[in-house]
Amino acid sequence: MDRLEQIRNFCIIAHIDHGKSTLADRILESTKSVAKRDMEDQLLDNMDLERERGITIKARAVKLNYTAKDGSEYVFNLIDTPGHVDFNYEVSRSLAACEGAVLVVDAAQGIEAQTLANTYLALNHDLELLPVINKIDLPSANVDMVKKEIEDVIGLPADDAPLVSAKLGIGIDDLLEKIVEVIPSPAGDENAPLRALIFDSYYDSYKGVIVYVRVKDGALRPGQIIRMMATGAEFEVVEVGFLRATSFEPCDVLRCGEVGYICASIKNVRDTRVGDTVTLADSPAAEPLPGYKKVLPMVYSGVYPTDTTKYPDLRDALEKLQLNDASLVFEPENSAALGFGFRCGFLGLLHMEIIQERIEREFGLDLITTAPSVIYHIVRTDGSDYYLDNPMNFPNPSEIELMEEPIVKADIIVPTDYVGNIMELCQDRRGVFRNMTYVDTGRVNLHYELPLNEIIYDFFDALKSRSRGYASFDYEMLGYVKSDLVKLDILLNGEIVDALSFIVHADKAYARARRIAEKLKENIPRQLFEIPIQAAVGSKIIARETVKALRKDVLAKCYGGDITRKKKLLEKQKEGKKRMRTVGSVELSQEAFMSVLRLDQ
Amino acid sequence: MKSLGIYIHIPFCEHKCPYCDFVSYDGKSALMASYTECLVRQIMEYAPFTRGYSVNTVYIGGGTPTCLDGRLLSKLLTAIKKGFTLADGVEFTCEANPHSALADKLKILRRGGVNRLSLGLQSAQSEELKVLGRIHTYEDFVSSFKAARQEGFDNINVDLMFAVPGQTMASMEDTLSKVISLSPEHVSAYSLTINENTPYYAMRDTLPLSDEELDRDLYKLTIDTLEAHGYEQYEISNFAKPGRRSRHNLRYWNCEEYIGLGCSAHSYFSGKRFAFLPDIDKYIDAVKNGRAIVSEVMDIAPNEMVGEYIMLRFRLRDGIDVADFDRLFGFSFETAFAPQIEKYMKSGHLKKSCGRYSLTLEGMNISNYIISDFLEY
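Residues numbered from 1 in each chain as written. Chains lettered and ligands numbered in written order. Predicted model: local features only at pLDDT ≥ 70, side-chain atom pairs only at ≥ 80, totals over all residues. Heavy atoms only, no water.

Examining the overall build of chain A
Then, number 1: Along its length, chain A carries 14 helices and 32 strands.
Then, number 2: Residues counted as buried form 57% of the 601 residues belonging to chain A.
Then, number 3: A separation of at least 24 residues holds for 69% of the contacts in chain A among residues at least 6 apart in sequence.
Then, number 4: Each charge sign in chain A was given a centre, from 73 positive and 94 negative side chains, and these centres are 8 Å apart. (Helix = DSSP H or I, 4+ residues; strand = E, 2+ residues; numbered from the N terminus. Buried < 20%, exposed > 50% of the residue type's maximum accessible area, 1.4 Å probe, protein only. Contact = heavy atoms within 4.5 Å. Lys, Arg positive; Asp, Glu negative; His and termini not counted. Charge placed at Lys NZ, Arg CZ, Asp CG, Glu CD.)

So, the overall build of chain B
Then, number 1: Across its full length, chain B carries 16 helices and 15 strands.
Then, number 2: The C-alpha atoms of chain B give a radius of gyration of 21 Å, which matches the 21 Å a tight globule of 377 residues would have.
Then, number 3: With the principal axes as the frame, chain B shows a C-alpha extent of 60 × 50 × 40 Å.
Then, number 4: Sorting the 377 residues of chain B into buried and exposed places 58% on the buried side.
Then, number 5: Between the averaged position of the 41 positive side-chain charges in chain B and that of its 49 negative side-chain charges there is a distance of 7 Å. (Rg over C-alpha atoms; globule rule 2.2 N^0.38 Å.)

Points about the sheet that holds strand β14 (residues 350–353) of chain B
Residue and element names in this part refer to chain B.
Then, number 1: Read across the open sheet, the three strands follow the order β13-β15-β14; overall the sheet is antiparallel. The outermost strands of the open sheet, each flanked by one partner alone, are β13 (320–321) and β14.
Then, number 2: Where β13 lies against strand β15 (residues 356–359), two bridges are found, and the strand directions are antiparallel. Bridged to isoleucine 320 within β15 is tyrosine 357. (Pairing = 2+ DSSP bridges.)

Brief notes about the pairing of strand β3 (residues 73–80) of chain A
Residue and element names in this part refer to chain A.
Then, number 1: Here β3 lies mainly inside the structure; seven of its eight residues are buried.
Then, number 2: Inspection of the sheet shows strand β1 (residues 7–14) paired to β3 by six bridges, in the parallel sense. Across the sheet, the residue bridging to asparagine 9 is asparagine 77, located in β3.
Then, number 3: Pairing geometry for strand β2 (residues 60–67) and β3, over eight bridges, is antiparallel.

Observations regarding the sheet that holds strand β6 (residues 195–204) of chain A
All names here are of chain A.
Then, number 1: Spatially, β10-β9-β15-β6-β7-β14-β11-β12 is the arrangement adopted by the eight strands of the open sheet, whose pairing is antiparallel. In this open sheet, the two strands that pair with only one neighbour each are β10 (234–236) and β12 (248–251). Going across the sheet, the axis of each strand differs from the next one's by a mean of 40°, ignoring polarity.
Then, number 2: Pairing geometry for strand β9 (residues 225–228) and strand β15 (residues 277–280), over three bridges, is antiparallel. The partner of arginine 227 across the bridge, within β15, is threonine 279.
Then, number 3: Packing of helix α3 (residues 88–96) onto the sheet brings it into contact with β6 and β7 (208–217), and relative to β6 it is tilted by some 130°. (Axes fitted to C-alpha atoms, helices over the stretch in contact; angles between N-to-C directions.)

So, a nonpolar patch on the surface
Then, number 1: Taken together, the side chains of Phe433(A), Met436(A) and Tyr438(A) define a hydrophobic patch exposed on the protein surface, amounting to about 310 Å² of accessible area.
Then, number 2: Positionally, Tyr438(A) belongs in strand β23 (residues 432–438). (Patch = residues over 30% accessible without salt bridge, like charges linked within 9 Å, V, L, I, M, F, W, Y side chains within 5 Å. Areas by Shrake-Rupley, 256 points an atom, 1.4 Å probe, with all protein chains shown as cover. Salt bridge = Lys/Arg side-chain N within 4 Å of Asp/Glu carboxyl O.)

A look at the packing of helix α1 (residues 32–46) of chain B against helix α10 (residues 280–288) of chain B
Residue and element names in this part refer to chain B.
Then, number 1: Where α1 contacts α10, the two axes come as close as 10 Å, and the packing angle between them is 50°. With respect to α10, the axis of α1 lies oblique. Remark: the crossing between α1 and α10 carries left-handed chirality. For the pair α1 and α10, contact is made by Ser34, Tyr35, Glu37, Cys38, Leu39, Arg41 and Gln42 and by Ile280, Tyr283, Ile284, Val287 and Lys288, respectively.
Then, number 2: Considered class by class, the residues forming the contact of α1 with α10 number seven nonpolar, two polar and three charged. (Parallel < 35°, antiparallel > 145°, perpendicular 65-115°, else oblique. Left-handed = near helix turned anticlockwise from the far one by under 90°. Nonpolar A, V, L, I, M, F, W, Y, C, P; charged D, E, K, R; others polar.)

Here we look at the interface of chain B and chain A
Then, number 1: Taken together, the contact between chain B and chain A spans 41 residues of the former and 28 residues of the latter.
Then, number 2: Carbon and sulfur atoms make up 56% of the surface buried where chain B meets chain A, a total of about 3,500 Å² over both sides.
Then, number 3: Of all residues in chain B, the largest losses of buried area upon contact with chain A belong to Met311(B), Asn368(B) and Tyr369(B), amounting jointly to 19% of the total for that side.
Then, number 4: The interface formed by chain B and chain A holds six salt bridges in total.
Then, number 5: Linking Lys552(A) and Asp215(B) is a salt bridge whose minimum nitrogen-to-oxygen distance equals 2.9 Å.
Then, number 6: In this structure, the connection of chain B to chain A is made through 20 residue pairs in polar contact (both at pLDDT 80 or more).
Then, number 7: Sorting the residues of the side of chain B that touches chain A by element identifies β6 (186–191), α8 (212–228), α9 (247–253), α11 (302–313), α14 (338–346), α15 (361–365) and α16 (367–373) of chain B as the ones contributing at least two each.
Then, number 8: Among the residues making up the side of chain B that touches chain A, the classes are represented as 15 nonpolar, 13 polar and 13 charged. (Buried area = accessible area lost by both parts, 1.4 Å probe. Polar contact = N/O pair within 3.5 Å; in protein donor to acceptor, adjacent residues only side chain to side chain.)

Some points on α10(B)
Residues and elements named next belong to chain B.
Then, number 1: Buried residues of α10: Ile280, Tyr283, Ile284, Ala286 and Val287, and no others. Buried residues along α10 cover an arc of 165° about the axis, so they all sit on one side.
Then, number 2: Looking at the buried side of α10, the elements it contacts are α1 and β11 (272–276).
Then, number 3: Downstream of α10 by a residue or two, glycine 290 has a phi angle that is positive, lying close to 65°. (Arc of directions from axis to C-beta.)

As for the pattern of salt bridges
Then, number 1: On inspection of all chains with the given rule, the structure shows 52 salt bridges over all chains.
Then, number 2: A salt bridge links Lys521(A) to Glu545(A), with the shortest nitrogen-to-oxygen separation between them at 3.9 Å. Of this pair, Lys521(A) sits in helix α12 (residues 506–523) while Glu545(A) sits in strand β30 (residues 540–547), placing them 24 residues apart in sequence.
Then, number 3: Relative accessible area serves as the criterion here: at 41%, Lys521(A) is assigned to the partly exposed category.
Then, number 4: Here the residues in one salt-bridge network are Lys567(A), Glu571(A), Lys574(A), Glu575(A) and Glu304(B), joined through shared partners.

With respect to the packing of aromatic side chains
Residue and element names in this part refer to chain A.
Then, number 1: Counted by the stated rule, this structure contains 42 aromatic pairs over all chains.
Then, number 2: Seen from their ring centres, tyrosine 311 and phenylalanine 342 are 5.0 Å apart, and the 5° between their planes marks the pair as stacked. Linking tyrosine 311 in helix α7 (residues 311–324) with phenylalanine 342 in strand β18 (residues 339–346), this pair joins segments that are 31 residues apart in sequence. Each member of the pair, tyrosine 311 as well as phenylalanine 342, is classed as buried. (Phe/Tyr/Trp six-rings, centres within 6.5 Å; stacked < 30°, edge-to-face > 60°.)

Comments concerning a negative patch on the surface
Residue and element names in this part refer to chain A.
Then, number 1: The grouping of Glu151, Asp159, Asp160, Asp173, Asp174 and Glu181 at the surface amounts to a negative patch.
Then, number 2: Per-element accounting of the negative patch gives the leading share, three residues, to helix α6 (residues 172–182).
Then, number 3: Summarising the element assignment, aspartate 174 is placed in helix α6.
Then, number 4: Looking at aspartate 174, the relative accessible area reads 36%, which means it is partly exposed.

And the structure:
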């Protein structure tokens, strides 16, 4: 058999919680890629955070050997993809490294929004799709209904779809046979100039950056000089090899059709952008592989250490995270309220949360973050234009000719019972209804156009709470539309707190202002003086609340036995105050800053 | 000679009040005899360590010390006099609850050397007494008070409580005027505090508790009324006629040494704070069998002493004497706490006169908030 015919490159795509990672583990086990005793649940999700949240944040790949029932030997390259819209570009590059995709659908839940989004993405890359119905062991499993959904909604024949339970290990052998049968082997010219697609990279403190590639054409050996076609950076290859489940397996050559890694003493992941094409410096390919783009942040937020003296530690943490995450961008920012911090750009809200959580967890820093902002487009009266990602830089309204905000195309799949609730929510978020299609008799797919700034705060939570957790949601960027936006300022004790300002649609300013004022009132502790809370657009106050002055905070009795206990209480109070930030004359806790981000609760 | 205070804890009550979080039992009268025996034994054990000290205050508190029968009371008083060197003019206080049959006990106390009585009245309103779970009436109090006077007690404290559920400005005014008409030498007035692990805590959401505003208005009423009648507020919750401040309690607030005996009693002695087992059964068992009875010991580091000193001194109207402070700790109060002093002088919560810094009424109302700022320097 020809070498290429023995290879199957595929990824697994699924809606969150449909069992993608468990299925990957089971495949690893069945192909004896890991000994059962080394089996750690969800092997491909390395980070604690990934396992806890049940999501895959980074792509990962593994080479497996499979002996088919007819005795032929095959090489499987399984590429695990991130399962969230924030990482859509990474997903698209992982897909581009494959010839096929295993589409996992939960037998009880059927097709969800991400199932569809991933399917469309895979079809865009001309991948052969192999539908698999998972969780057939569940009492609520409805295989026939799910098969019908796959056929009706996606248009894939599902009669022969393997029925599996990744959890119990049922149907895995059948699935492996099907992979050989359905997914095409790779094509490519080994004698053509090298073209290898970078689909991920990560920083290892011993080896430097390890680049994950799919070789499309040509071959690559240690000692050769490679060139990154987009960045132009060149490196000498130190090592190439295959990715095994628990180790690296160096080899002499990576050839077309294969998936593997490159080590070339690369210091910075920025030189190895996902989607870039690796070629040889002395015999470069004429054209890079299609589809490369520089990923740009979608959401910006100010990130500050709660303890102002920890600014250098925060910079250190961000730099370390950036080694592994080229999509994280940051630059120093200075707030009158919060001191020194960083304006950080993220791919989306999940990405933002993950970075923040990792900083707090892995670097032990307490953070205060400002309301996330999308990127607005502003045209000045003099005709010049620019993009604005920070409310602090909002121009004088008299200088604005027009403003535009980003909008997305959203798919929301929801049981018919909740359609009313969800439409109301979308309406409330300035959504424009486009279309509604039936997924099955009990569920519909609502198509909306929504402003991105309406979904970055708490849309997902609101969606879940208004559908009792049943709605699923996915979106993609659509572009910019003209919008009437204003900057809402919050004043405490008469002073603007810059870190609390944000940009909002003029129609929503009033309601949002009132809600924020209420939230702040709940979350600002009583202090020595009465504190007026005001929300203003320009010089016009549109909402007002008052935190009354502290009147009583005293221990009535304190005798012999109370002294130690009382002192401890006061020490605790002192510690609590230390975590406060003094803004003007007002002391604010981290909770106060965070509370304004969660208005829907 | 160095001075010392002695505290004796009597953990028995006829009826335990639902707001009380002191160690006290209302169903363990069978243990009174053996508990008293333990106290006597402890007094004798600790007595040798107090050689060289002149005991100038003794305070028997509880619980309700007068729950003990006459024989046990005498035994205890005798042991105190035998074990410790009592100073001339010792202030010897015993707590008591108003009771129709208090007169006999008063005689025994008097004979045993007690010269100051602290009566737990709490309120002169029968409704409020009921809410507080008190088993005495205002009339019981008046007769107990008169009996005490008759017995020769010329130094009497009356405990009052404000922010009692259902209390009004008018009812507080009435309570105060009734108490003032009897001319006690000392009044303590405490804001009702809901402590964890009390029945009141469990009921806190259904109790008609006073809000902060009423609480502070009642407090101010108490201060104004008592001060108008010659009672000087010398501590957050304590008022006295000239020369009648509680010298024992001042020891606590002045960081002076004291030894507390009995279950749950705390001591501050030889640079250490320590406490005995709070549980009465364990305490009795340990004393009788010579086992360890100390439940906690803390060395007070010099820098922690500063915090304690400030915390306790700011409870007092006299506040902190700058010269005393600087001498005691070897650094300047005004330099070390310059930002805090500036902040609270400016806000009107702190004042300075005759070299002393003290909290104003507004400052006392939020003393925790202020003191916690002074714990760091």
